[in-house]
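# Observations on the model geometry
The residues making up each chain are set out below.
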Amino acid sequence: MSRTTARYLAGGVAVVLAVTGLSGAAAADTTPAATPTGSAVVVENNAFLQNAATNGVVIVPLPNAGVSYDVTKGLSTSLPVTGGSVNLRGYYGNATLDGSLLFVDVQTGKSVLFEQLAFSADRWRLTGVPDGATAPVPLLRPAGIQESSQSGTTQSLTASNLTLDTTGAQYLDTQLNTTFFTGGQSVGSFSFTFNG
């Protein structure tokens, strides 16, 4: 075999190896990431529920939210995580949530539906986009004693209190033509789990 032929053969092998290596890397890069799992759980305590009912206000969780009631804790609404990326300790990222929340004032006959629910670690708020709108409204804020932890890819947050965001309270009062909602008003408690 001549030196020139050997050079061409070595060059060809190098090209084949390079292409093989690149195609393997490209295949690995296009592998879809696993969809995150978890949930945001809003607990409306009995004091808030009774106060809201007295003022003619009802909050209705809609699919695919899970709902349960405990006589001592109150009404729990579980909103499944459907996507996003969150770093709780770094206070950044957003987790998209399934389900929607319907706020109704039976005295005024007005209602507002919040869809595209999300937990924003940037703003430390549960947000929702009103039906027919595009911008999210901050609704609820974890407060009180807050504890966050991480085990592997699972991050968790618990808050002993959950309060109405001032902007969200003003928005609700305007839309429902009521004066029931106030910023900082205690709703109950909150927990959030994100695995992904």
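### Thoughts on helix α3 (residues 166–176)
Considered for burial, the residues of α3 that qualify are Gly168, Ala169, Leu172, Asp173 and Leu176. An end-on view of α3 places all buried positions within 130° of arc, on one side of the element. Of the exposed residues in α3, the ones pointing more than 90 degrees away from its buried face are Gln170 and Thr174. Its buried side turned inward, α3 meets β6 (100–105), β7 (110–120), β9 (137–151) and β10 (154–164). Capping of α3 at its N-terminal end is provided by Asp165; its side-chain oxygen lies 2.8 Å from the backbone amide nitrogen of Thr167. Asn177 sits one or two positions beyond α3 and adopts a positive phi of about 55°.

### Section: the packing of aromatic side chains
On inspection of all chains with the given rule, the structure shows 10 aromatic pairs. With 5.9 Å between their ring centres and 50° between their planes, Phe48 and Phe180 make a pair best called tilted. Residue Phe48 is located in helix α2 (residues 46–54), and its partner Phe180 is located in the loop between α3 and β11 (186–195); the two are separated by 132 residues in the primary sequence. Clustering of aromatic rings is evident, with ring pairs tying together Phe48, Phe103, Phe114, Tyr171, Phe180 and Phe181.

What counts and how
- Residues numbered from 1 in each chain as written.
- Predicted model: local features only at pLDDT ≥ 70, side-chain atom pairs only at ≥ 80, totals over all residues.
- Heavy atoms only, no water.
- Buried < 20%, exposed > 50% of the residue type's maximum accessible area, 1.4 Å probe, protein only.
- Helix = DSSP H or I, 4+ residues; strand = E, 2+ residues; numbered from the N terminus.
- Arc of directions from axis to C-beta.
- Contact = heavy atoms within 4.5 Å.
- Polar contact = N/O pair within 3.5 Å; in protein donor to acceptor, adjacent residues only side chain to side chain.
- Phe/Tyr/Trp six-rings, centres within 6.5 Å; stacked < 30°, edge-to-face > 60°.

As far as function goes, none of this settles anything; it's purely spatial.
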